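A closer look at the structure
So the chains spell out like this:
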Amino acid sequence: MSERLAQPLLLGGLILLLVSGVQAEIPKDPIYVKTSNGWNAAYAHGNAYAEFRVIGNGAKLQDPYHILLQKGVGMMVSFVDKKELQNDKDVLSAHAQWEIDYWHQHASRVESNNRADLIGTRKDVKVTEIRVYNDKGAQLSSYLIGLAAKDGVFALSISPAKKDIDPLVKELVSSFKLVPRTLDAEETKRLSSEAKAQR
């Protein structure tokens, strides 16, 4: 989706939310608001939402769940319900293991590495580097960023995982936060106002 087309669609979605009033349904898809240097994003689930910033004017929205961050680097946005995970005491580790288990079923070899160096002192976020190999040795790599929520994990998956995008991952991690409010029309209006102030 071109940026030119994405902006009116997103603005239209915001207007629809605002016109519908406080009874408006919580958006099912992530929403994005253009800023002077990228996009502010919000993804609702239940009575909370995750917010994050996609920094850089080169970032292009493909659809609500897929973003081309820069040439050759993509990101997928998702939410995994706690019911899907085996351990609800440590949802971040359970989420990373859930993802690794999935790849074990579809690849010849899987390697993973906890990247605590990319999160600083935060305990509500986990970054796992995952490398997947097929039987011919070809490799797929990604950074899996999980943000703990009451009923599951918000996730950003960035591929490929390589050292030169570590600063980009750190920026995303620093902006990736859980907001304990419903993403209703008023909250959407507030986010839109904040984005306008950043222009």
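What this report covers is the structure whose coordinates are included nearby. Predicted model, so just to flag it, every value in this text is computed and none were measured. (Residues numbered from 1 in each chain as written. Predicted model: local features only at pLDDT ≥ 70, side-chain atom pairs only at ≥ 80, totals over all residues. Heavy atoms only, no water.)

1. A few points about the sheet that holds strand E9 (residues 139–149)
Operational definition: Should DSSP find at least two bridges between two strands, the strands are taken to pair. Helix numbers and strand numbers start at the N terminus; a helix is a DSSP run of H or I with at least 4 residues, a strand a run of E with at least 2. A fitted line through C-alpha atoms serves as each axis, taken over the contacting stretch for helices, and the angle formed by two N-to-C directions is quoted from 0 to 180°. Here, residues are in contact when the closest pair of their heavy atoms is within 4.5 Å.
Pairing within the open sheet is antiparallel, and its seven strands lie in the order E4-E5-E6-E10-E9-E8-E7. What marks the edges here is a single partner per strand, and that holds for strand E4 (60–63) and strand E7 (109–114). When the angles between neighbouring strand axes are averaged without regard to direction, this sheet yields 25°. Both E7 and strand E8 (residues 125–133) contribute to a ladder of six bridges, which runs antiparallel. Along E8, the bridge assignment pairs Asn113 with Glu129. Contacts from helix H2 (residues 91–106) reach strand E6 (73–81), E7, E8, E9 and strand E10 (152–159), with the element oriented near 10° to E8.

2. With respect to unusual backbone geometry
With omega at 0°, the peptide bond leading from Ser159 into Pro160 counts as cis. Note that Pro160 resides in the loop between E10 and helix H3 (166–175).

3. With respect to the sheet that holds strand E2 (residues 38–45)
Reading across from one edge, E1-E2-E3-E11 is the order of the four strands in this open sheet, with antiparallel pairing throughout. Each edge of the open sheet is held by one strand with a lone partner, namely strand E1 (31–35) and strand E11 (177–179). Going across the sheet, the axis of each strand differs from the next one's by a mean of 25°, ignoring polarity. With five bridges connecting them, E1 and E2 associate as antiparallel partners. Opposite Tyr32, over in E2, you have Ala41 as the bridge partner. Packed onto the sheet, H3 meets strand E3 (48–55) and E11 and runs at close to 150° relative to E3. Packing against the sheet, helix H4 (residues 185–197) makes contact with E1, E2, E3 and E11, and its axis sits at approximately 25° to E1.

4. Overview of H4
Formally: One fewer than the residue count of a helix, multiplied by 1.5 Å, yields its expected span. When accessible area is computed with a 1.4 Å probe and restricted to protein chains, residues below 20% of their type maximum are described as buried, those above 50% as exposed, and intermediate ones as partly exposed. This arc is taken over the directions from the axis of the helix to the C-beta atoms. The definition of a polar contact used here is a pair of N or O atoms within 3.5 Å, where within protein one atom must be able to donate a hydrogen and the other to accept one, and adjacent residues in sequence count solely through side-chain atom pairs.
Between its first and last C-alpha atoms H4 spans 18 Å; for 13 residues at 1.5 Å apiece the expected length is 18 Å, and the two agree. Of all the residues in H4, the buried ones are Ala185, Glu187, Thr188, Leu191, Ser192 and Ala195. End-on view of H4: buried residues confined to an arc of 165°, all on one side of the axis. Summarising the geometry of H4, the exposed residues directed more than 90 degrees from the buried face are Glu186, Lys196 and Ala197. If you check the start of H4, you find a side-chain oxygen 3.3 Å away from the backbone N of Glu186, and it comes from Asp184.

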